[in-house]
Amino acid sequence: MGERVNAAVAATAPAAEIAPPAVERGCALVTGASRGIGAAIARGLAADGWRVAIGYRDGADEAAAVADRIRAAGGAVATLAADVADPDAADLLCAGAERELGLPVLALVNNAGIRVDALSPQIADADWQAVLDVNLSAAFRLTRRALRPMLRARCGRIVNIASVVGQRANPGQASYAASKAGLVAFTKTVAAEVARRSVTVNAVAPGLIETDMTAGLSGELLAAVPARRPGTPDEVAACVRFLVSPQAGYVTGSLLTVDGGLSA
Amino acid sequence: MPIATKQDVDQRVREALVEFGADADAIAPEARFEALDIDSLDLVELAQIAEDDYGVAITTEDLKRIETVGQAVDLIVERAA
């Protein structure tokens, strides 16, 4: 019985490939990386040896500051301006990263996100659409574009930054919740599609994290956090760094929650 | 960009199919992708090779129609012309 099982496993196991590590074969693209969680992710991936492309929409000065900090630490970095809601942004960012950093995108972090809060009866069409465009559709277009080099390279990491709000109700954030829950479903489906090319696709769901986005949120949410404090962008970045690392090659289609116990 | 002669495209498609795990000896114009264990993800990658190497766009509809190696080669040659 043991021999048959071993033979069956051996028959389906992929041949070991001795290839240079991903950080030498590709670059990392992080969207929404001029501040907050995105900036922490960009710094963290650079510290792990990745050449990093920082995507940003408006914060040119902030993006430059993040880039300066990465360069000062010895990293290679490029800043790319684009509005991810624009259908052309995916190609612009991926091609731009490749051009500026000399390597195809083999690590993509879909972090750019917006929220436009209102109770459901008050949500305007344009606001609903804007949230879905940036938080979900952009991630889809960037994934579609980045999978091209990843599939050919037999190597890739995609991490989608979701939110605990996608899993746990927070009144006033129906559009945000829908976009983030959709992002998780998208993550799992794509993960199953491309796993055998050694491309992993995972989501990270931050809870309450100290950033501009949570600055105006009520204290009620914080009171519900077992850890009794907001998380830091670096704590979220640590999760992304793990998922992008070679050690996480067998982790795919998963949702890593980093919320101080909020959704436990 | 490589020239899209039928011979050249046939060679490139063969290379790709072998890369995807197909038995080289079993590859022939009439060979069905299913019989070669070539699945939809492999075909998506083949479409990408067609685009990268020959500038040919292959759509989801095209992928649904082509069932044999020969059909894939003919489609690429036709579109590259």
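The structure presented is a predicted model; accordingly, all values stated were derived computationally and were not measured.

Novice: Just to check I follow, could you spell out the overall build of chain A for this structure?
Specialist: The number of helices and strands found in chain A is 9 helices and 7 strands. Seen through its C-alpha atoms, chain A measures out along the principal axes to roughly 60 × 50 × 35 Å. Across the 264 residues of chain A, 45% fall into the buried class. In chain A, the proportion of contacts linking residues at least 24 apart, taken out of those at least 6 apart, comes to 71%.

Novice: Explain the confidence of the model for chain B to me, please; I cannot follow it from the model alone.
Specialist: Reading fine detail from the predicted coordinates is not recommended where pLDDT is low. Scored by pLDDT, chain B comes out at a mean of 93, with 96% of its residues at no less than 70. Under the prediction, the complex receives an ipTM of 0.87, its pTM being 0.91.

Novice: What's the story with the packing of helix 6 (residues 125-153) of chain A against helix 7 (residues 174-194) of chain A in this structure? I'm lost.
Specialist: Packed helices, taken two at a time, are described by the angle between their axes plus the distance between the axes. Residues and elements named next belong to chain A. Put simply, helix 6 and helix 7 touch, their axes get as near as 9 Å, and they point 15° apart. When the axis of helix 6 is compared with that of helix 7, the two are roughly parallel. Between helix 6 and helix 7 lies a crossing of right-handed hand. The residues of helix 7 that touch helix 6, namely those facing Asp127, Trp128, Val131, Leu132, Asn135, Leu136, Ala139, Phe140, Thr143, Leu147 and Leu151, are Ser175, Tyr176, Ser179, Lys180, Gly182, Leu183, Phe186, Val190 and Val194. For the contact of helix 6 with helix 7, a count of residues per class yields 13 nonpolar, 5 polar and 2 charged.

Novice: I keep staring at helix 4 (residues 60-72) of chain A and nothing clicks. Help me out?
Specialist: Note on helix geometry: an α-helix contains 3.6 residues per turn, so any two residues three or four positions apart are oriented the same way. All names here are of chain A. When the terminal C-alpha atoms of helix 4 are compared, their 18 Å separation across 13 residues agrees well with the 18 Å that a helix rising 1.5 Å per residue should span. For helix 4, every residue scored as buried is listed here: Ala63, Val66, Ala67 and Ile70. Angularly, the buried residues of helix 4 cover 100° about the axis, an arc narrow enough to put them on a single face. For helix 4, exposure combined with an orientation more than 90 degrees from the buried face picks out Asp61, Asp68 and Ala72.

Novice: It is not clear to me how the packing of helix 1 (residues 6-19) of chain B against helix 2 (residues 40-54) of chain B should be interpreted in this structure. Could you clarify?
Specialist: Residue and element names in this part refer to chain B. Closest axis-to-axis distance for the helix 1/helix 2 pair is 11 Å, and the angle between their directions is 140°. Of the possible angle classes, the one that applies to helix 1 and helix 2 is oblique. Taken as a pair, helix 1 and helix 2 cross one another with a handedness that is right-handed. Of helix 2, the residues touching helix 1 (which contributes Arg12, Val13 and Ala16) are Leu46, Ile49 and Asp53. Counted by class, the contact of helix 1 with helix 2 contains 4 nonpolar, no polar and 2 charged residues.

Reading the values: the criteria
Residues numbered from 1 in each chain as written. Chains lettered and ligands numbered in written order. Predicted model: local features only at pLDDT ≥ 70, side-chain atom pairs only at ≥ 80, totals over all residues. Helix = DSSP H or I, 4+ residues; strand = E, 2+ residues; numbered from the N terminus. Buried ≥ 20, exposed ≤ 12 C-beta atoms within 10 Å, placed from the backbone. Contact = placed C-beta atoms within 7 Å. pLDDT = per-residue confidence, 0-100. Axes fitted to C-alpha atoms, helices over the stretch in contact; angles between N-to-C directions. Parallel < 35°, antiparallel > 145°, perpendicular 65-115°, else oblique. Left-handed = near helix turned anticlockwise from the far one by under 90°. Nonpolar A, V, L, I, M, F, W, Y, C, P; charged D, E, K, R; others polar. Expected span 1.5 Å × (residues − 1). Arc of directions from axis to C-beta.

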